[in-house]
Amino acid sequence: MSDESKPALESPEAQLLRADRDLTRQELGQTVAELTDKLDVKGRAEAELHQTADNARAKVHHAAEAVRDKREKVGAATQDRAVQFAAVTRSRPLPLAAGATAAIAALVTWLILRGRRNR
């Protein structure tokens, strides 16, 4: 029978029983939903996979930003050093040329001696 066909005046005990029944149904439905979620291994694995992928993407994005920042700082520092080196080279071309010639001569001598040792 439906609730509409019953008399309008109910005993307080019947009202309490209905309220208890409704509360029990609600709790049981919630428990069944929680158990269904726990037993859904595929769904949980997919959710964990998506979470891991999202974390990895965030870390990669953060690392890329850090690399960009470092590259900008290093680029600026390198450019400053290149400008300084160019200024020094223009102001003292002879000592730098002599130093470069000495370095090349040392390299050639080392290569020749190394070749003789290997024979």
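Every value quoted in this text rests on a predicted model; they were computed, and no experiment measured them. (Residues numbered from 1 in each chain as written. Predicted model: local features only at pLDDT ≥ 70, side-chain atom pairs only at ≥ 80, totals over all residues. Heavy atoms only, no water.)

Asker: In this structure, what is going on with the overall build of the protein chain? I would like to understand it.
Answerer: For the protein chain, the helix and strand inventory stands at 3 helices and 0 strands. Starting at the N terminus and walking to the C terminus, you meet the elements of the protein chain as α-α-α. Approximately 11100 Å² of the protein chain is accessible, and the part contributed by carbon and sulfur atoms is 61%. (Helix = DSSP H or I, 4+ residues; strand = E, 2+ residues; numbered from the N terminus. Areas by Shrake-Rupley, 256 points an atom, 1.4 Å probe, with all protein chains shown as cover.)

Asker: How should I be thinking about the confidence of the model for the protein chain in this particular structure?
Answerer: The predicted coordinates should not be examined in detail at positions where pLDDT is low. When pLDDT is averaged across the protein chain, the result is 84; 90% of the residues are at 70 or more. Least confident of the elements in the protein chain is helix 3 (residues 93-118), whose mean pLDDT is 84; most confident is helix 1 (residues 12-39), at 91. (pLDDT = per-residue confidence, 0-100.)

Asker: What exactly am I supposed to notice about the pattern of salt bridges here?
Answerer: Opposite charge on two side chains lets them pair, provided their charged atoms get close. For the coordinates displayed, the defined rule picks out 2 salt bridges. In this structure, Arg21 and Asp22 form a salt bridge, with 3.3 Å as the shortest nitrogen-oxygen distance. A salt bridge links Arg57 to Asp54, with the shortest nitrogen-to-oxygen separation between them at 2.8 Å. Of this pair, Arg57 and Asp54 are both found in helix 2 (residues 41-91), 3 residues apart, which corresponds to roughly one turn of the helix. For Asp54, a relative accessible area of 42% corresponds to the partly exposed category. (Salt bridge = Lys/Arg side-chain N within 4 Å of Asp/Glu carboxyl O. Buried < 20%, exposed > 50% of the residue type's maximum accessible area, 1.4 Å probe, protein only.)

Asker: Looking at this structure, I do not really get a nonpolar patch on the surface. What am I missing?
Answerer: Together, Phe85, Val88 and Leu96 line one region of the surface with nonpolar side chains, adding up to about 250 Å² of accessible area. Relative to the elements of secondary structure, Leu96 occurs in helix 3. Accessibility expressed as a relative area gives 33% for Leu96, which makes it partly exposed. (Patch = residues over 30% accessible without salt bridge, like charges linked within 9 Å, V, L, I, M, F, W, Y side chains within 5 Å.)

Asker: Help me understand a negative patch on the surface, please; the structure alone is not making it clear to me.
Answerer: Among the surface-exposed residues, Glu34, Asp37, Asp40 and Glu46 lie close enough to one another that they form a single negatively charged patch. Judged by relative accessible area, which is 47%, Glu34 ranks as partly exposed. (Lys, Arg positive; Asp, Glu negative; His and termini not counted. Charge placed at Lys NZ, Arg CZ, Asp CG, Glu CD.)

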